[in-house]
Amino acid sequence: MSDHKEPNPKEQQLKGFHNHNESEPLTTDQGTKVTDTSKSLTAGERGPTLMEDFHLREKITHFDHERIPERIVHARGFGVHGEFQVYESLNDLTSASFLQDPNQKTPVFVRFSTVVGSRGSADTVRDVRGFATKFYTEDGNFDLVGNNMPIFFIQDAIKFPDVVHAIKPEPDNEVPQASAAHDTFWDWVVQNRESAHMIMWLLSDRGIPRSFRMMEGFGVHTFRLVNADGQTHFVKFHWKPTLGVHSLTWDEAQKLAGTNPDFHRQDLWDAINNGEYPEFELGIQVIKENEQFDFDFDILDPTKLWPEEQVPVRVVGKMTLNRNQDNFFAETEQVAFHIGNVVPGIDFTNDPLLQGRLFSYLDTQLLRLGGPNFHEIPINRPITPVHNNQRDGFHRMTINQGKVAYSPNGLQHNNPQPSSSGEGGFEHHPEHVDGAKVRRQSVSFQDHYSQATLFYNSLSDHEKRHLYKAFHFEVGNVKDPSIKQQVVEMFNHVSHTLAKQIARGVGVKEPEPVHDGANPTPSQALSQANTTYSPKTRKVAILLGEGFEYHEVDQFMNEMMQNGVHVEVIHQTLGEVKSANQEPVMVHQNYATTHPVMYDGLFIPGGQQHIDQLLNHYEANTFVKEIFVHAKTIGASQEGVGLLANNLPESFQTAPEQATDQLFEDLGIITARTNDLSSFSQTFLTALSKHRHWERETIDTKQA
Ligand code: HDE
């Protein structure tokens, strides 16, 4: 973790643009002090406003022009600063300067985003998440503009406007917002079978992450690494979160969209402010030039991943996100990513989606940021000097001196001069290219189902259950019955079981089995169930009525805090709540200001009076039920077990007495019979670190 005593070069640069208003007189944009900013200049107290009121006109005009076009995709996002360090030199693979020295910290700015929704849409919608990283390296900016899924909907960039038009709100009524659950999208899907694999990821739990801090990132495309000797390797980039990969349940995601549409940005902002810096390890998968045809997929096809069992991920460095932005508009909104921002040592391949993206990003910034000088906006500036003959345009900041704005030139001794590759100039890999001009796709791009099946086969039971439900919702919202039937037929090529599940859920004919592909062995890396577990930074609610056991609450809170878990006390009213021995505890939330979907776990301490109160309180009972249904860890001690039992499904009440404790623990329900909670807290923490207890979903919850 960085202590921030020494600002890194990017921070130093940004500081030069900071503007603090404290203790400063209010001025116009021209620097003239103003006497009043709340009353217009009028002819008489009740008279008309005067044209000469330059302050009024400037203030309102600026306001009228405050908005810029939102991004055509990835409109809603949130940016944070950080640093990247490589673990060991990668000089065998690349000459990129920021990948050489383990002691060097490279400043980064990361923008996480959703894809489909408008700028004001909710964070927790089902969608792909953008994961774009700008590395401010000593050789210029390198942008790794990736997503939280390793593949994409299409194989050719020319289809991008079509898929985006199909998934965005329908054009006649602009409904639905931030959702794929409508006719035009699924009509597009069934016409574009290459999307099968990506649809599987989108409808899996990956589409509803618990936190930006708990999702993977992928560069998606196949890039090229080039070393100082000009040798190249094909590479895929990965970001692996040290907190593991976790998701919300669909029901939570829906409720969060209403109760806290800023859930993900708030979570990231709070974590960084608390000093709980999110960390992502950079991983690379590498394929040698001469091995590129050794696979049963085309390594240039962006609808295919490289199975980690075949091409292991080498973990090569770590990114620590350690500083929140100062100003959302100046930084998150104005940051301009471009997949074409590469540095010597990193190069492109012929992946057709990558090639198409190379056109799009510069173009979109010209519109969005109003001209060709957006690289001068502070967040976009490289930390290296910029010298060239590009001039003028809207909002030019640099004052270029001298007469010469062309090259070659004699008047300025041909400066600024190009550099050879030995001097650090970017040299494109001299790949031999030869071919007829055609609008045709390679046959090696035509298998659309094998990896979709690989993904399906790799999911755990609960992930499969969630996938079925997602299909039921998404396709169930399609109005045209023929589209629904075509979806079933399409996904019958992925898995017959899946297709039957979809058909049942959306009320169309079940298909006959098809036998047209292999049945790949599962890949461990594709299931979230196999990722790291940690209770750190999780949030636990404690429900309190008057008269609780103080000792239990105190001990539990301390144990949680020592293990990096956040605890919030919830009571009917804000202020203080008193224990049985009159000890006050500060209340963080009442039932109106919070909701069970904001927490990862729940603790109900003992104390007869407090439990009697909570038992009679509708919202407290509902709270317990929701936490149970969302498969989160629940702890209850002594009389607290009474409130818990009151809200468990009937099948729990009838569990055989001797089996009860074990059954409860396996399902993430921890109970204590004494008021010494030390071993209880440890069991609770272990359960919390599992994220959820999905087996609970298979229990009959009629009574919960
Ligand atoms: Fe993008 N994409 N994209 N995209 N993309 C944009 O650039 C585009 C694709 C991704 O936080 C736009 O500045 C085309 C894949 C991210 O500011 C635009 C194609 C991947 C972000 C654009 C793709 C991405 C964008 C919109 C098909 C994952 C947000 C605003 C070939 C590897 C960056 C902007 C941020 C943004 C075009 C496909 C990731 C229009 C033509 C595949 C994370 O230029």
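Predicted model, so just to flag it, every value in this text is computed and none were measured.

Here we take up the pattern of salt bridges. In total, this model carries 31 salt bridges according to the counting rule given. We note a salt bridge from lysine 240 to glutamate 216, for which the minimum N-O separation is 3.1 Å. On the criterion of sequence distance, the pair formed by lysine 240 in strand S7 (residues 232-241) and glutamate 216 in the loop between helix H5 (196-203) and strand S5 (217-218) is long-range, its members being 24 residues apart. Members of the salt-bridge network, linked through shared partners, are Arg210, Arg213, Asp267, Arg538 and Asp600.

With that settled, the discussion passes to the side chain of asparagine 647. Mapping asparagine 647 onto the fold places it in the loop between helix H17 (640-646) and helix H18 (650-653). Residue asparagine 647 is classed as buried on the basis of its relative accessible area, which comes to 0%. Reaching out from asparagine 647, the side chain makes a polar contact with the side chain of lysine 625 at a distance of 2.9 Å. At 2.8 Å, the side chain of asparagine 647 and the backbone oxygen of leucine 643 are in polar contact.

This part is about empty space enclosed by the protein. On inspection of all chains with the given rule, the structure shows five cavities of 30 Å³ or more. Each pocket or cavity is described by its volume, and for the largest cavity that value is around 150 Å³. Surrounding the largest cavity, 17 residues form its lining, Pro150, Phe218, His238, Leu305 and Glu308 being those nearest its centre. For the lining of the largest cavity, the element with the highest residue contribution is S7, accounting for four residues. Its residues assigned to classes, the lining of the largest cavity shows ten nonpolar, three polar and four charged.

This part takes up the confidence of the model for the protein. Of the residues in the protein, 97% reach a pLDDT of 70 or more, and the chain-wide mean stands at 95. Both scores are given for the predicted complex: the pTM is 0.97, the ipTM 0.97.

Here we come to the environment of glutamate 70. Structurally, the position occupied by glutamate 70 is in the loop between helix H2 (54-64) and strand S1 (77-86). What makes glutamate 70 partly exposed here is its relative accessible area of 34%. Sequence spacing of glutamate 70 and serine 118 is 48 residues, and the spatial spacing of their C-alpha atoms is 7.6 Å. Other than its neighbours up to four places away in sequence, glutamate 70 contacts Ala75, Ser118, Arg119 and Arg368. Side-chain polar atoms of glutamate 70 contact the backbone nitrogen of arginine 119, separated by 2.8 Å.

Another point: the packing of aromatic side chains. Taken as a whole, this structure holds 34 aromatic pairs when the rule is applied. Ring plane angle 55 degrees and centroid distance 6.3 Å describe the contact between phenylalanine 142 and phenylalanine 237, whose orientation is recorded as tilted. Taken together, the positions of phenylalanine 142 in strand S4 (residues 140-147) and phenylalanine 237 in strand S7 put the pair 95 residues apart, joining distant regions of the chain. The class of phenylalanine 237 is buried, set by a relative accessible area of 4%. Taking 5.6 Å as the distance between ring centres and 55 degrees as the angle between the ring planes, the aromatic pair formed by phenylalanine 223 and phenylalanine 237 counts as tilted. Here phenylalanine 223 is found in strand S6 (residues 223-226), whereas its partner phenylalanine 237 is found in strand S7, with 14 residues between them in sequence. In this structure phenylalanine 223 comes out as buried when scored by relative accessible area, which is 3%. Grouped by ring-pair contacts, the aromatic residues Phe84, Phe98, Phe112, Phe131, Phe135, Phe142, Phe212, Phe223, Phe237, Trp239 and Phe280 constitute a single cluster. Taking the ring centre of phenylalanine 337 as reference, the NZ or CZ of lysine 134 above it sits at 5.2 Å. The side chain of lysine 464 reaches across the aromatic face of tyrosine 456, ending 4.8 Å from its centre.

Now for the site of the ligand. In the vicinity of the ligand lie 22 residues, with Arg71, Arg111, Arg357, Tyr361 and Gln365 positioned nearest. In this structure, an oxygen atom belonging to the ligand sits 3.2 Å away from a side-chain N or O atom of serine 360. Among the elements that make up the shell around the ligand, the one with the highest residue count is helix H9 (residues 352-368) (six residues). Looking at side-chain class alone, the shell around the ligand contains eleven nonpolar, eight polar and three charged residues.

Moving on, we come to the packing of helix H3 (residues 160-167) against helix H4 (residues 183-191). Direction vectors running N to C along H3 and H4 enclose 145 degrees, while the axes themselves pass 6 Å from each other. Contacts between H3 and H4 involve Asp162, Val163, Ala166 and Ile167 on the former and, on the latter, Thr184, Phe185 and Trp188. Of the residues that constitute the contact of H3 with H4, the class distribution is five nonpolar, one polar and one charged.

A cis amide bond links valine 175 with the next residue in sequence, proline 176, at an omega value of -5 degrees. Among the secondary structure elements, proline 176 is positioned in the loop between H3 and H4. With an omega dihedral of 0 degrees, the bond running from serine 407 to proline 408 counts as a cis peptide bond. With respect to the helices and strands, proline 408 occurs in the loop between H9 and helix H10 (450-458). One non-glycine residue, histidine 395, lies in positive phi territory at about 60 degrees. Unlike most non-glycine residues, histidine 691 shows phi in positive territory, near 75 degrees. Along the chain, histidine 691 falls in the segment after helix H20 (678-689).

A few words on the pairing of S7. Within S7, nine of the ten residues are buried, which leaves it mostly tucked inside the rest of the structure. Relative to S7, S5 runs antiparallel, the two sharing two bridges. Within S7, the position partnered with glycine 217 by the bridge is tryptophan 239. The pairing of S6 with S7 spans four bridges and is antiparallel.

Both strand S13 (residues 575-578) and strand S14 (residues 584-587) contribute to a ladder of four bridges, which runs antiparallel. Bridge pairing in S14 places lysine 578 opposite proline 584.

Below, the discussion takes up the sheet that holds strand S16 (residues 633-637). Pairing between the strands of a sheet comes from backbone hydrogen bonds, and it takes one of two forms, parallel or antiparallel. If you walk across this open sheet you meet the five strands as S12-S11-S15-S16-S17, and the pairing is parallel. Since the sheet does not close on itself, it has two edges, and those belong to strand S12 (566-570) and strand S17 (669-672), each with one partner. Adjacent strand axes in the sheet meet at a mean angle of 20 degrees, parallel and antiparallel pairs treated alike. Where strand S15 (residues 601-604) and S16 come together, four bridges link them in parallel fashion.

At a minimum axis distance of 7 Å, the contact between H5 and H10 shows a crossing angle of 25 degrees. On the basis of the axis angle, H5 is roughly parallel to H10. Handedness of the crossing formed by H5 with H10: left-handed. For the pair H5 and H10, the contacting residues are Ala196, His197, Met200 and Trp201 in the first and Gln451, Ala452, Phe455 and Tyr456 in the second. Its residues placed into classes, the contact of H5 with H10 shows six nonpolar, two polar and no charged.

So, about helix H14 (residues 550-562). Along an α-helix, a turn takes 3.6 residues, which lines up residues three or four apart on a common side. Taking 1.5 Å of rise per residue, 13 residues should cover 18 Å, and H14 covers 18 Å from first to last C-alpha, within 8% of that figure. What H14 keeps buried is the set Glu552, Val553, Gln555, Phe556, Met557, Glu559 and Met560. Taken together, the buried residues of H14 touch strand S11 (539-543), S12, S15, S16 and H20.

Criteria and thresholds
Residues numbered from 1 in each chain as written. Predicted model: local features only at pLDDT ≥ 70, side-chain atom pairs only at ≥ 80, totals over all residues. Heavy atoms only, no water. Salt bridge = Lys/Arg side-chain N within 4 Å of Asp/Glu carboxyl O. Helix = DSSP H or I, 4+ residues; strand = E, 2+ residues; numbered from the N terminus. Buried < 20%, exposed > 50% of the residue type's maximum accessible area, 1.4 Å probe, protein only. Polar contact = N/O pair within 3.5 Å; in protein donor to acceptor, adjacent residues only side chain to side chain. 1 Å grid on protein atoms, 1.4 Å probe; cavity = no way out; pocket = protein on both sides within 12 Å on 5 of 7 lines; lining within 4 Å. Points joined across faces, edges and corners; volume = space filled by probe spheres on them. Nonpolar A, V, L, I, M, F, W, Y, C, P; charged D, E, K, R; others polar. pLDDT = per-residue confidence, 0-100. Contact = heavy atoms within 4.5 Å. Phe/Tyr/Trp six-rings, centres within 6.5 Å; stacked < 30°, edge-to-face > 60°. Lys NZ or Arg CZ within 6 Å of the ring centre and 35° of its normal. Near = heavy atom within 4 Å. Axes fitted to C-alpha atoms, helices over the stretch in contact; angles between N-to-C directions. Pairing = 2+ DSSP bridges. Parallel < 35°, antiparallel > 145°, perpendicular 65-115°, else oblique. Left-handed = near helix turned anticlockwise from the far one by under 90°. Expected span 1.5 Å × (residues − 1).

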